[in-house]
Amino acid sequence: MAKGYWIARMDVHDMEGYKEYVSQNGAVFNKYGAKFLVRGGKHVPKEGSSRARNVVLEFKDYETALACYNSPEYARLVAIRAPHAESDLLIIEGYDGPQP
């Protein structure tokens, strides 16, 4: 079964306010078995638009990735984060088929 991923890009406008989101998101992500693959880190934009911060979370499958985002616990976190950051978030199913 293919894994599920969140790909998030954001510009944080108020780091102090954003820290509240960060301090509380671990419990929600842990509940849904999420694993950080990318959390900030250096990056070089090569094509298209860019944001200052990038995050990739891995879930056991696509359905779990959706369930986490749609949960009441995460909705509360979005409300905490929203005034402090502008973000794009994509939930995508991984690929586990043949490779070239």
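Scroll up to find the structure this text is about.
Residues numbered from 1 in each chain as written. Predicted model: local features only at pLDDT ≥ 70, side-chain atom pairs only at ≥ 80, totals over all residues. Heavy atoms only, no water.

So, the nonpolar core
Okay, step 1: Judged by nonpolar contacts, the single largest core of 18 residues is most densely connected at W6, F29, L57, F59, C68 and Y74.
Okay, step 2: Per element, the largest residue contribution to this core is four residues, and it comes from helix α1 (residues 15-31).
Okay, step 3: Excluding its chain neighbours within four sequence positions, the residues that come into contact with F59 are K3, G4, W6, Y32, A34, T64, A65 and C68. (Core = buried A, V, L, I, M, F, W, Y, C linked by side-chain atoms within 4.5 Å. Buried < 20%, exposed > 50% of the residue type's maximum accessible area, 1.4 Å probe, protein only. Helix = DSSP H or I, 4+ residues; strand = E, 2+ residues; numbered from the N terminus. Contact = heavy atoms within 4.5 Å.)

Things to note about the environment of V12
Okay, step 1: Among the secondary structure elements, V12 is positioned in strand β1 (residues 4-12).
Okay, step 2: A residue is classified by how much of its surface remains accessible, and V12, at 24% relative accessible area, is partly exposed.
Okay, step 3: C-alpha of V12 to C-alpha of A82: the two residues are 70 residues apart in sequence and 9.6 Å apart in space.
Okay, step 4: Once residues lying within four places of it in the same chain are set aside, the contact partners of V12 are Y18, R53, H84 and A85.

A word on the pattern of salt bridges
Okay, step 1: Tallied over the full model, the rule gives seven salt bridges.
Okay, step 2: With a shortest N-O distance of 3.0 Å, D11 and R51 are connected by a salt bridge. On the criterion of sequence distance, the pair formed by D11 in strand β1 and R51 in the loop between β2 (35-39) and β3 (53-59) is long-range, its members being 40 residues apart.
Okay, step 3: On the basis of relative accessibility, which here comes to 21%, the residue D11 falls in the partly exposed class.
Okay, step 4: With a closest N to O distance of 3.2 Å, R51 and E86 form a salt bridge. Of this pair, R51 sits in the loop between β2 and β3 while E86 sits in strand β4 (residues 85-93), and the two are 35 residues apart along the sequence. (Salt bridge = Lys/Arg side-chain N within 4 Å of Asp/Glu carboxyl O.)

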